[in-house]
Amino acid sequence: MKLKSLLLLLLLVVVNTSFGQSQKIDNATAFTKLYGYVRYFHPSDEAAAVDWNRFAIYGQQQVANCQTPQELQKTLTALFQPIAPTVKVYLEGDDVKFNAKELTPSKVKKYKTVAWQHQGLGMGDKRSPYKSTRTNRAITYKTATAKFGSAATTIDATNYIGKEFVYKAKVKLAEGPGTGHLWARVDNSNSKSIFFDNMSDRPIKSETWAYYEIKGKIGSDAKQLHIGAFIIGSGEVNLDDVSLQINDNGTWKEVYAEQFNNQKVGETSRSFSNDRANNKPSPGYLFTITQNTGSEENKWYSIKSEKAAEKQKKPELLYQAYPKVGEYTTKTIGGGLKAVVPLALYGTKNQTYPAADKASLEELKSNLEAIPAQEIVGADLYTRLGNITIAWNVFQHFYPYFNVAQTDWGQDLRDALARAYTDKTAVDFQGNLQQLIAKLKDGHIRVAAGESNATYQPPIEWEWIEGKLVITDVLDASTPLNKGDIVTGINGISAEAYFAEVNKYISAATKGWLNYRAKTESLLGEEGTEMNFTILKPDNSTSELRLKRSLSRMKIVSALPQSDNIKELADGIMYINLDVTPMEEIEKAMPQLQQSKTIICDLRGYPKGNHEFIQYLLPSADTSRQWMQTPQIIYPDQERLVGYKKSSWLMRPKRPQLTAQIIFLIDGRAISYAESYMSFIEHYKLATIVGQPTAGTNGNVNPFTLPGGYYISWTGMKVQKHDGSQHHGIGILPNVYVEKTIQGIREGRDEFLEKAMEIATKAL
């Protein structure tokens, strides 16, 4: 009898826990949905001025423990009344009648309509194609945004060819949340980078002075060595005691040193410049010599972000349509509730009608300001819930490709909220966000977090070829592997199962982009951690191998061999690597290109600003005027779109027109700008396209940040093919498909280029 009672008690605990968790998810869902409707579509002045990041965190905290729909209704009403007094929350079964009189002042003549207009989702950047404004309200733009502040000095490297170097400096992060970095780059005579390290895998976060260093080697064709420091994001990084040493036949000699003591406080450095090495100033930052008060000898170099200033512009319509006073939306928000949200209000020059209660508004502001900054981190439950609230609504109301993604976004929200309750660390939560927005199948999506250290990999590269996971490169001669070896097992499970888990966290519109991302993401982890592999050799023998993640991904990328920009492959056949060749170099080679019979253009990657090359291929002016489309939105949930702002490149032919046979090489790596480039080649049939489909993701990215240091990029506009058909999830399709083979990998062949040469040779 006691055992039965115990089992019954245990069952009741499990049921109650499950019910309690479900109630919490209902509450969080209801707050999330109402948050989006009010933030982006209810135009009160109080709502427009609130700190929405902190409100998301605070709101989730307030609704978390509501036990009934009635309690949730009361809590949501109390939360939103101080910023949206005309928004009403009802029980789902209530009979609701909208009362327009509550929105109407006694004398309306001096009032104008205030309502939201969105062209995509505006983030306050005047240069962006995405804009969000309220009618009859000044438009506020940020005049300076601190993204990346860098300073450097340049040293002649020709005297140190083939020698090792150590760049060392004392650094501290005086103020966050940004991260500090040293950086070093070696350029050759063609201004190509042949060594690069920017400490992306080991950012400086400490507020205490400490020494950091970068080690490298100066290549045989080196011309310049650039050394410097930078900060990503807002804050301040300090630099002192800079030293560059060269290994001269076993003796380390200091060839450059700077302690800044002989420079004037408050002025910029004579030796370190914020535009040297890149010829690009860093807007939004101050670069000055600083010192401790009363310590003339102790000076250092400071890179500090300026506070983003705001500038107002006179009210103007983005387009003619906007909600009129009396328009509202009624939405079921979950938790047994629905909400009625007015979409337009009357307003004077200074205040929308009716004004919120001042005392309750001030109390709300005080509560938001009281959230400790140190608690706004990914390890905090309510920060996680608040961030899901913010991110989910961005996509719910503004992501243009739900018709392609074909996901249950409402259920995706609940799943992410549930995972937030089990996440423990900031890195756990980064994975949660990745899992959530991977559902959107957008190749531009990235979720970055400053606390991630998973930037190292074993000394191998791999790729899925002919249905097998194949070693494509071995980066350490001591590793007992060869190109073409097959990996059948990883960490005790099959390679297929391992990649299925990796793929859950990658957003991709096409298989090619998914495979491209996964082949790197699948290898990354923290430095020194191990991976176990089951290897199948060409003779069908198998072995087990354990490798440490010992190589920085950034260093691997920077050390990749640089191919020739432009070269002659055979008599009459020219090759241009569009990933690395600037337009001025193409124009210099134009006489040789004019004389060629075939030009092979390699765009298996991202163009180096050379899209004007298309103009030398166009026989007549481009007439496709609407392949880029930014949605115009005034109603929630993307209902009843107003239309699109349409744009294009409108390219015109340039002389001399190239008459050679043109062949383009593409694969799943080609994304965004590369696909805009290729869209002209495809539409106007300017070349034979060889390879694999591109990434199927195009359009300007529209990044945003979340509390706790998370960064999300995504596609904010719809891009079609020039004939109006679907591009997203399809990409540019080749005329001649090529598949890599395991044998080709073992033999070190470029099978895409071989196919292009075959086509070119036949035409000679």
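Calculation criteria
- Residues numbered from 1 in each chain as written.
- Predicted model: local features only at pLDDT ≥ 70, side-chain atom pairs only at ≥ 80, totals over all residues.
- Heavy atoms only, no water.
- Helix = DSSP H or I, 4+ residues; strand = E, 2+ residues; numbered from the N terminus.
- Rg over C-alpha atoms; globule rule 2.2 N^0.38 Å.
- Buried < 20%, exposed > 50% of the residue type's maximum accessible area, 1.4 Å probe, protein only.
- Phe/Tyr/Trp six-rings, centres within 6.5 Å; stacked < 30°, edge-to-face > 60°.
- Lys NZ or Arg CZ within 6 Å of the ring centre and 35° of its normal.
- Core = buried A, V, L, I, M, F, W, Y, C linked by side-chain atoms within 4.5 Å.
- Contact = heavy atoms within 4.5 Å.
- Expected span 1.5 Å × (residues − 1).
- Polar contact = N/O pair within 3.5 Å; in protein donor to acceptor, adjacent residues only side chain to side chain.
- Pairing = 2+ DSSP bridges.
- Axes fitted to C-alpha atoms, helices over the stretch in contact; angles between N-to-C directions.
- Parallel < 35°, antiparallel > 145°, perpendicular 65-115°, else oblique.
- Left-handed = near helix turned anticlockwise from the far one by under 90°.
- Nonpolar A, V, L, I, M, F, W, Y, C, P; charged D, E, K, R; others polar.
- Patch = residues over 30% accessible without salt bridge, like charges linked within 9 Å, V, L, I, M, F, W, Y side chains within 5 Å.
- Areas by Shrake-Rupley, 256 points an atom, 1.4 Å probe, with all protein chains shown as cover.
- Salt bridge = Lys/Arg side-chain N within 4 Å of Asp/Glu carboxyl O.

## Focus on the overall build of the protein
For step 1, the next point in the chain: When its secondary structure is counted, the protein shows 17 helices and 38 strands.
For step 2, the next point in the chain: Here the protein has a C-alpha radius of gyration of 29 Å; the compact-globule value for 764 residues is 27 Å, and the two agree.
For step 3, the next point in the chain: A principal-axis box enclosing the C-alpha atoms of the protein has dimensions of 85 × 75 × 70 Å.
For step 4, the next point in the chain: Taking all 764 residues of the protein together, 50% fall into the buried category.

## A short note on the packing of aromatic side chains
Aromatic ring pairs are described here by two measures, namely the spacing of the ring centres and the angle between the planes.
For step 1, the next point in the chain: For the coordinates displayed, the defined rule picks out 36 aromatic pairs.
For step 2, the next point in the chain: Summarising the aromatic geometry, the rings of tryptophan 52 and phenylalanine 55 are spaced 5.4 Å apart at their centres and angled 80° between planes, so their arrangement reads as edge-to-face. Of this pair, tryptophan 52 and phenylalanine 55 both sit in helix H3 (residues 52-63), separated by 3 residues, roughly a single helical turn.
For step 3, the next point in the chain: Note on phenylalanine 55: relative accessible area 0%, which makes it buried.
For step 4, the next point in the chain: With a centroid separation of 6.3 Å and an interplanar angle of 55°, the aromatic rings of tryptophan 649 and tyrosine 673 are classed as tilted. One end of the pair, tryptophan 649, is in the loop between strand E32 (643-647) and strand E33 (661-666); the other, tyrosine 673, is in helix H15 (residues 673-683), and 24 residues separate them in sequence.
For step 5, the next point in the chain: Looking at tyrosine 673, the relative accessible area reads 14%, which means it is buried.
For step 6, the next point in the chain: Members of the aromatic cluster, connected to one another through ring pairs, are Trp392, Phe395, Tyr399, Tyr401, Phe402, Trp409, Phe704 and Trp714.
For step 7, the next point in the chain: The ring of tryptophan 209 has lysine 170 lying over it, and the distance from NZ or CZ to the ring centre is 5.4 Å.

## Comments concerning the nonpolar core
For step 1, the next point in the chain: Ranked by size, the top nonpolar core spans 115 residues in total, and within it Leu76, Phe395, Phe613 and Phe664 carry the most contacts.
For step 2, the next point in the chain: Setting aside residues up to four positions removed in sequence, phenylalanine 395 forms contacts with Phe402, Trp409, Ile437, Leu440, Ile445, Gln638, Phe704, Ile712 and Trp714.
For step 3, the next point in the chain: Formed by 35 residues, the second largest nonpolar core is a distinct cluster that contains Tyr160, Leu173, Ile204 and Leu244.

## Quick word on H3
For step 1, the next point in the chain: End to end, H3 covers 16 Å across 12 residues, agreeing with the expected 16 Å (1.5 Å per residue, within 8%).
For step 2, the next point in the chain: Taking burial as the measure, the 12 residues of H3 include 9 buried ones, the bulk of the element.
For step 3, the next point in the chain: Among the residues making up H3, those that are buried are Trp52, Arg54, Phe55, Ala56, Ile57, Tyr58, Gly59, Gln60 and Val63.
For step 4, the next point in the chain: Where H3 begins, the side chain of aspartate 51 points an oxygen toward the backbone nitrogen of asparagine 53, at a separation of 3.2 Å.

## Examining the sheet that holds strand E8 (residues 193-197)
For step 1, the next point in the chain: A sheet is described by the order of its strands in space; here 4 strands give the open sequence E5-E10-E7-E8, paired in antiparallel fashion. Edge positions in the sheet fall to strand E5 (148-156) and E8, since each has one partner strand and no second. Averaged over all adjacent pairs, the angle separating strand axes in this sheet is 15°, with direction ignored.
For step 2, the next point in the chain: Bridge count between strand E7 (residues 179-188) and strand E10 (residues 222-232): 10 bridges; the pairing is antiparallel. What sits directly across from aspartate 187, in E10, is glutamine 224.

## Some words on the packing of H3 against helix H6 (residues 381-398)
For step 1, the next point in the chain: Between H3 and H6, whose axes approach to 8 Å, the crossing angle comes to 120°. When the axis of H3 is compared with that of H6, the two are oblique. Between H3 and H6 the crossing geometry is right-handed. Across the interface between the two elements, Asn53, Ala56, Ile57, Gln60 and Gln61 from H3 touch Tyr382, Thr383, Leu385, Gly386, Thr389 and Ile390 from H6.

## Observations concerning the packing of H3 against helix H4 (residues 69-80)
For step 1, the next point in the chain: Between H3 and H4, the least distance of the axes is 10 Å, while the angle of their chain directions is 155°. The orientation of H3 with respect to H4, classified from their angle, is roughly antiparallel. The hand of the H3/H4 crossing is right-handed. Across the interface between the two elements, Phe55, Tyr58, Gly59, Gln62 and Val63 of H3 pack against Leu72, Thr75, Leu76, Leu79 and Phe80 of H4.
For step 2, the next point in the chain: Considered class by class, the residues forming the contact of H3 with H4 number 7 nonpolar, 3 polar and no charged.

## With respect to the environment of glycine 176
For step 1, the next point in the chain: Along the polypeptide, glycine 176 turns up in the loop between strand E6 (164-175) and E7.
For step 2, the next point in the chain: The exposure class assigned to glycine 176 is partly exposed, which follows from its relative accessible area of 31%.
For step 3, the next point in the chain: A sequence separation of 30 residues divides glycine 176 from serine 206, and the C-alpha atoms of the two residues are 9.5 Å apart.
For step 4, the next point in the chain: Not counting chain neighbours up to four residues away, the residues in contact with glycine 176 comprise Ser234 and Gly235.

## So, unusual backbone geometry
For step 1, the next point in the chain: Residue proline 354 is reached from tyrosine 353 by a cis peptide bond, and omega for that bond is -5°.
For step 2, the next point in the chain: Following the sequence through the fold, proline 354 ends up in the loop between strand E18 (344-347) and helix H5 (358-369).
For step 3, the next point in the chain: Note that the residue after arginine 655, namely proline 656, is joined by a cis bond; omega there is 5°.
For step 4, the next point in the chain: A positive phi angle is found at asparagine 249, which is not glycine, with a value near 55°.
For step 5, the next point in the chain: Relative to the assigned elements, asparagine 249 resides in the loop between strand E11 (236-248) and strand E12 (251-258).
For step 6, the next point in the chain: Residue asparagine 491 is not a glycine yet carries a positive backbone phi of 50°.
For step 7, the next point in the chain: Checked against the element boundaries, asparagine 491 lands in the loop between strand E23 (486-490) and strand E24 (493-494).
For step 8, the next point in the chain: Assessed through its relative accessible area of 35%, asparagine 491 is described here as partly exposed.

## Brief notes about helix H9 (residues 426-438)
For step 1, the next point in the chain: End to end, H9 covers 18 Å across 13 residues, agreeing with the expected 18 Å (1.5 Å per residue, within 8%).
For step 2, the next point in the chain: Most of H9 sits inside the fold, with 10 of its 13 residues counted as buried.
For step 3, the next point in the chain: Three or more residues of H9 are buried, namely Ala426, Phe429, Gln430, Gly431, Asn432, Leu433, Gln435, Leu436, Ile437 and Ala438.
For step 4, the next point in the chain: In the core, the buried residues of H9 are packed alongside H6, helix H8 (409-422), strand E19 (446-449), strand E35 (704-706) and strand E36 (710-713).

## Some points on the side chain of threonine 630
For step 1, the next point in the chain: Along the chain, the position of threonine 630 falls in strand E31 (residues 628-633).
For step 2, the next point in the chain: The residues contacting threonine 630, other than those within four sequence positions of it, are Gln119, Gly120, Pro129, Tyr130, Gly643, Tyr644, Lys645 and Met717.

## As for the sheet that holds strand E16 (residues 328-334)
For step 1, the next point in the chain: Strand order in the open sheet made by the 3 strands is E1-E17-E16, with antiparallel pairing throughout. Edge strands, defined here as strands with exactly one partner in the open sheet, are strand E1 (88-91) and E16. Averaged over all neighbouring strand pairs, the angle between strand axes comes to 25°, with direction disregarded.
For step 2, the next point in the chain: Bridge count for E16 against strand E17 (residues 337-342) is 6 bridges, and the pairing is antiparallel. Looking across to E17, one finds that threonine 330 is bridged to valine 340.
For step 3, the next point in the chain: The sheet contacts of H4 involve E1, E16 and E17, and relative to E1 the element is tilted by about 180°.

## With respect to a nonpolar patch on the surface
For step 1, the next point in the chain: A surface patch of nonpolar side chains, amounting to about 260 Å² of accessible area, comprises Ile730, Leu733 and Tyr737.
For step 2, the next point in the chain: Locating isoleucine 730 in the fold gives a position in the loop between strand E37 (718-719) and strand E38 (736-737).

This is a description of form; function is not addressed.
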